[in-house]
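Results of the structural survey
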Amino acid sequence: TSTSKSPGAAVTLHVYDLDFYGVESATISKYSGVPIYHLGVEVYQLEFCFGIDGIVSLWPGTYDISRHRKAKQLGVTHLTNRQVLDILNKLSLETEWDGAAYRLLGNNCQTFAVEFCRRLGLPEDCIPEEYMRFADGLSLLAKPKKSNELKGPSRSSVQMAAHQKGRGIAKIRL
């Protein structure tokens, strides 16, 4: 009898500090009270992420090399490379993943990472919560430890962060 190995590949989360329209993530964190990260998901030696250009593919860790914070193993998908590409093709046809649908709070690289990992067969909680604070509007923001801590970024705090860098936020859709 022969044993066949199931197809599969490691799935890795790439975490980046964010420069959002010229505003560093450290500045946004200072005013919002929570860190903000860009996420990409690597499978079969390619990284996939979502932003204002829709779903994009790139070499792992190269979204912004100078801001690449870490790579974290999430698990293994037992899908073939072809099946993964089919999933990405289906996602790219959904209006939710068109670049025009991108939002800082809600439909963003974090929600894409969750959905992509789910379709790869990984558990829903495979991505650590600390990287998911902007994934679903304000509902997934870190729970405050003290009652007087900020619960999430307000429109004015993001505007303030943008003005600290001397740029408007006309392109930010909240």
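Further up the page is the structure itself.
Please read all numbers here as calculations on a predicted model, not as lab measurements.

1. What to know about the environment of Y37
Here Y37 is to be found in strand β4 (residues 37–43). A relative accessible area of 9% places Y37 in the buried class. For Y37 and R69, which are 32 residues apart along the polypeptide, the C-alpha to C-alpha distance reads 9.1 Å.

2. Side note on helix α1 (residues 25–32)
Side chains three or four residues apart in an α-helix point the same way, a direct result of the helix having 3.6 residues per turn. All of the buried residues in α1 are S25, T27, I28, S29 and S32. Positive phi shows up at G33, right after α1, with a value of about 90 degrees.

3. Overview of the packing of helix α2 (residues 81–93) against helix α3 (residues 109–119)
Between α2 and α3, the shortest axis-to-axis distance is 10 Å and the interhelical angle comes to 140 degrees. Between α2 and α3, the crossing angle belongs to the class labelled oblique. Regarding α2 and α3, the two cross each other, and that crossing is right-handed. When α2 is examined against α3, the residues V84, I87, L88 and L91 are found in contact with a partner set consisting of F112, E115, F116 and R119. When the residues that make up the contact of α2 with α3 are grouped by side-chain class, the tally is six nonpolar, no polar and two charged.

4. Overview of the sheet that holds strand β5 (residues 46–51)
Read from one edge of the open sheet, five strands run β6-β5-β4-β1-β7, paired in antiparallel fashion. The two strands at the open ends of the sheet, each matched to only one other strand, are β6 (54–58) and β7 (68–77). Within the sheet, the average angular offset between the axes of one strand and its neighbour, ignoring direction, is 25 degrees. Two elements, β5 and β6, share five bridges in a ladder whose sense is antiparallel. If you follow E47 over to β6, its bridge partner there is L58.

5. A few points about the packing of aromatic side chains
Scanning the model with the defined rule gives eight aromatic pairs in all. Taking 5.5 Å as the distance between ring centres and 75 degrees as the angle between the ring planes, the aromatic pair formed by W97 and F112 counts as edge-to-face. In this pair, W97 sits in the loop between α2 and α3 while F112 sits in helix α3, placing the two residues 15 residues apart along the sequence. A single burial state applies to W97 and to F112, both of which are buried. Put simply, the rings of F48, F50, W97, Y102, F112 and F116 pair up and form one aromatic cluster.

Parameters at a glance
- Residues numbered from 1 in each chain as written.
- Predicted model: local features only at pLDDT ≥ 70, side-chain atom pairs only at ≥ 80, totals over all residues.
- Heavy atoms only, no water.
- Helix = DSSP H or I, 4+ residues; strand = E, 2+ residues; numbered from the N terminus.
- Buried < 20%, exposed > 50% of the residue type's maximum accessible area, 1.4 Å probe, protein only.
- Axes fitted to C-alpha atoms, helices over the stretch in contact; angles between N-to-C directions.
- Parallel < 35°, antiparallel > 145°, perpendicular 65-115°, else oblique.
- Left-handed = near helix turned anticlockwise from the far one by under 90°.
- Contact = heavy atoms within 4.5 Å.
- Nonpolar A, V, L, I, M, F, W, Y, C, P; charged D, E, K, R; others polar.
- Pairing = 2+ DSSP bridges.
- Phe/Tyr/Trp six-rings, centres within 6.5 Å; stacked < 30°, edge-to-face > 60°.

Such coordinate-based values are descriptive only and should not be taken to indicate function.
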